[in-house]
Amino acid sequence: MSISQKFTHFANAIAHATGRPITFVLCCAIVVGWAACGPVFGFSDTWQLIINTGTTIITFLMVFLIQNTQNRDSAAIQVKLDELLRSHRPASNSFIGVEHLTEDELEELRSKCEAAAGNFRKKAARSRKAGR
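Nothing here was measured: the structure is a model prediction, and the numbers come from that model. (Residues numbered from 1 in each chain as written. Predicted model: local features only at pLDDT ≥ 70, side-chain atom pairs only at ≥ 80, totals over all residues. Heavy atoms only, no water.)

Caption draft 1: Quick peek at the overall build of the protein. Broken down by element type, the protein carries 4 helices and 0 strands. For the protein, the N- to C-terminal ordering of α and β elements is α-α-α-α. Overall, the protein is about 80 × 45 × 30 Å in size when its C-alpha atoms are taken along their principal axes. Looking at the protein residue by residue over its 132 residues, the buried ones come to 8%. Of the contacts formed within the protein by residues at least 6 apart in sequence, a portion of 34% connects residues at least 24 apart. (Helix = DSSP H or I, 4+ residues; strand = E, 2+ residues; numbered from the N terminus. Buried < 20%, exposed > 50% of the residue type's maximum accessible area, 1.4 Å probe, protein only. Contact = heavy atoms within 4.5 Å.)

Caption draft 2: Structural context of the confidence of the model for the protein. When pLDDT is averaged along the protein, the result is 88; 98% of the residues meet or exceed 70. When pLDDT is averaged over each helix and strand of the protein, the minimum, 80, is found for helix α4 (residues 103–131) and the maximum, 96, for helix α2 (residues 21–36). (pLDDT = per-residue confidence, 0-100.)

Caption draft 3: View of the pattern of salt bridges. Per the counting criterion, the structure on display carries 4 salt bridges. Between Lys112 and Glu108 there is a salt bridge, and its shortest N-O distance comes to 3.3 Å. Linking Lys112 with Glu108, this pair stays in helix α4, spanning 4 residues, or about one helical turn. A residue is classified by how much of its surface remains accessible, and Lys112, at 51% relative accessible area, is exposed. Several salt bridges share partner residues, and in doing so they unite Glu107, Arg110 and Glu114 into one network. (Salt bridge = Lys/Arg side-chain N within 4 Å of Asp/Glu carboxyl O.)

Caption draft 4: Local environment of the packing of aromatic side chains. The tally for this structure, following the rule as stated, stands at 3 aromatic pairs. Aromatic pair Trp34 and Trp47: ring centres 4.0 Å apart, planes at 5°, arrangement stacked. With Trp34 in helix α2 and Trp47 in helix α3 (residues 45–87), this pair connects stretches of sequence that are 13 residues apart. Take Trp47: its relative accessible area is 9%, and that puts it in the buried class. Geometrically, the ring pair formed by Phe60 and Phe64 is edge-to-face, given 5.1 Å between the ring centres and 80° between the ring planes. Here Phe64 and Phe60 lie together in helix α3, a separation of 4 residues that amounts to about one turn. On the basis of relative accessible area, Phe60 is assigned to the exposed category, the value being 51%. According to the relative accessible area criterion, Phe64 is partly exposed, its value standing at 48%. One aromatic cluster is present, formed by Trp34, Phe43 and Trp47 through successive ring pairs. (Phe/Tyr/Trp six-rings, centres within 6.5 Å; stacked < 30°, edge-to-face > 60°.)

Caption draft 5: Main features of unusual backbone geometry. For Phe43, which is not a glycine, the phi torsion comes out positive at approximately 50°. Inspection of the secondary structure assignment puts Phe43 in the loop between α2 and α3.

Quick look at the structure:
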């Protein structure tokens, strides 16, 4: 198994585990336990440093795992949409891969699509009126 496959498997497992209600409850219990220990440790700097360091490390690592999961999900959705466009005869294959365009190019394409949709709606409304 390649490093990429291992990381994907690991990231999926962590994302699945951290998204469960029991994980949230466990984290809340840790924070409550830490807070309850405050008087025992005199609310010292070390006591505060423990929670700050722990949460910072976990947050830092989770950012990368979440981004990896989102990137793969986004790529999978794009592939599925591309396949729908490719397999649907009236659809324009020119839209396949538009996620690689710049933001300005996407905005221009969106404007053209909205204009075309507006023209289509106007024609449909006129034909409905003419058919009455």
